[in-house]
Amino acid sequence: MGEIGATYMFMQWKLFDKIPSGRSISYKELAASINGEESVVARIGGMLVATGRLVQTSSGHVTHSATSKMFTSESPAGALFLVMLEHGLRGYLHWPEYFARYGVKEATGPTNNPYTVSWGHPETNMWEIIAADEEKQRVFAAGMRTTDSIAGKYGGPASIYNFAWLGDLASAEVKHDKQRALVVDVGGSHGATLKHILEANPSLPAERCVLQDRAEVIEEAIQRDDPALRAVRRMPHDFNHEQPVKGAMVYLLRRVLHDYGDGICIRVLARLAEALPRDDRRARVLIMDQVVSDPPSPGNAAADLVMFNIGGKERTPGNFDYIVREAGMRVVKIHRRAGTEVGVVECALL
Ligand SMILES: C[S@@+](CC[C@H](N)C(=O)[O-])C[C@H]1O[C@@H](n2cnc3c(N)ncnc32)[C@H](O)[C@@H]1O
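Keep in mind that this is a model prediction, so the values were computed, not measured. (Residues numbered from 1 in each chain as written. Predicted model: local features only at pLDDT ≥ 70, side-chain atom pairs only at ≥ 80, totals over all residues.)

Trainee: Teacher, can you tell me more about the packing of helix α5 (residues 76-93) against helix α16 (residues 298-309) here?
Mentor: How two helices sit against one another is set out by the angle between their axes and by the gap between those axes. Here α5 crosses α16 at 85°, and the two axes come no closer than 9 Å. Considering their axes alone, α5 and α16 lie roughly perpendicular with respect to each other. Side by side, α5 and α16 meet where Met 84, His 87, Gly 88 and Gly 91 of the first sit next to Leu 305, Val 306 and Asn 309 of the second. Of the residues assigned to the contact of α5 with α16, the class counts are 3 nonpolar, 4 polar and no charged. (Axes fitted to C-alpha atoms, helices over the stretch in contact; angles between N-to-C directions. Helix = DSSP H or I, 4+ residues; strand = E, 2+ residues; numbered from the N terminus. Parallel < 35°, antiparallel > 145°, perpendicular 65-115°, else oblique. Contact = placed C-beta atoms within 7 Å. Nonpolar A, V, L, I, M, F, W, Y, C, P; charged D, E, K, R; others polar.)

Put into structure tokens, the structure is as follows:
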């Protein structure tokens, strides 16, 4: 517990950034950099030394350990740690307040959930709470870019679902409408997922891929100007509204639907079902999320409780079948890869 608090505060003060690489720094200098008392920084730092997160080089002086650089502000892993604290732990501490206010009921969307209660704005949409604070917005998007979460042990989309057929289609099919989008990543954040798919499938033309997200997230993606994504069309779009890119071969929703209750998911999926081409039965909506087993694995249960806090949930195959059918589609197959809880739910028109 103490280590969590100490890590959180050192991150908030960006003190991990201030420890020079390969050298030590005194608590006195760290405290001066935040205009604080040395004794406060020394006591909190002492916790990090006690657990091995930082290394004490001499009395009152510390340096990085093998693992502490992951908590510097440019590290996606550190950002994910903050997201888990603010979306998970912070929400759990506010469960008594949430249940007293709403009864023992699931929140079903981005308002009136443990997360919004924890920030003192129950009625505000959680995405607005994030967007209102530039640092929160940056940290959230950075957390979504962790290597593990894109292509590591949780399995990137291209390691679970084979997108190669889209590249083949682009190069081989003379008659195919070259204007037609091949992949639309809906709620794709800064595009790390699309980048991973493009790297794994070099024959997939980037100019026929579309990245959609909330306007402020797309603006950040444009500012980041990742060379690998320059040809990708980046488009602000609210997925609650009609899908503006019609007739794409694949609409991808990665780690999006688990943020919401069934009603909102059905609406979002129905927008995509409407946009699927009627003239090509190969077109798909792909949902990439955890697939919950019965009983849930520890990973399933942990992720599900974070989602509980924001009015979402991780889903069983039966849960997916229900929302997909209600949106006017069918589940063709759930793709799994051994060793990960994540799956790709392949959906097509009925
Ligand atoms: C959990 S993140 C997942 C991001 C990305 N798909 C991934 O797997 O890393 C959910 C994304 O949905 C976006 N989002 C939330 N509400 C949205 C809306 N109404 N329209 C479009 N995107 C939205 C968020 O900005 C965020 O980037």
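Right, picking up where we left off after that structure.
Trainee: Looking at this model, I keep getting lost on helix α14 (residues 215-224). Mind explaining?
Mentor: An α-helix turns once every 3.6 residues. As a result, residues three or four positions apart point the same way. When we look at burial in α14, the residues that qualify are Val 217, Ile 218 and Ala 221. Buried residues in α14, looked at end-on, bunch into an arc of 100°, giving them a common side. Away from its buried face by more than 90 degrees, α14 exposes Ala 215 and Gln 223. Those residues of α14 hidden inside the fold are in contact with α9 (134-143), β5 (209-213) and β6 (233-236). Once α14 finishes, Asp 225 follows within two positions and takes phi at roughly 50°, a positive value. (Buried ≥ 20, exposed ≤ 12 C-beta atoms within 10 Å, placed from the backbone. Arc of directions from axis to C-beta.)

Trainee: I would appreciate a short explanation of the site of the ligand in the present structure.
Mentor: Neighbouring residues of the ligand: 16 residues in total, closest Met 144, Gly 187, Ser 189, Arg 254 and Arg 255. Each residue belonging to the shell around the ligand can be placed in one class, and the counts come to 5 nonpolar, 5 polar and 6 charged. (Near = placed C-beta within 6 Å.)

Trainee: Hey, could you run me through the sheet that holds strand β2 (residues 54-58) in this one?
Mentor: In a beta sheet, neighbouring strands are held together by backbone hydrogen bonds and run either parallel or antiparallel to one another. With antiparallel pairing, 3 strands are arranged side by side in an open sheet as β1-β3-β2. If you trace the sheet from one side to the other, it starts and ends with β1 (25-26) and β2, each paired once. Where β1 lies against strand β3 (residues 61-64), 2 bridges are found, and the strand directions are antiparallel. Note that in β3 the partner of Ser 26 across the bridge is His 61. This element, helix α4 (residues 38-50), spans β2 and β3 of the sheet and lies at about 105° to β2. (Pairing = 2+ DSSP bridges.)

Trainee: It is not clear to me how the environment of Asp 294 should be interpreted in this structure. Could you clarify?
Mentor: Mapping Asp 294 onto the fold places it in the loop between β8 (284-290) and α16. Sequence separation of Asp 294 and Thr 316 is 22 residues, and the distance between their C-alpha atoms is 8.0 Å.

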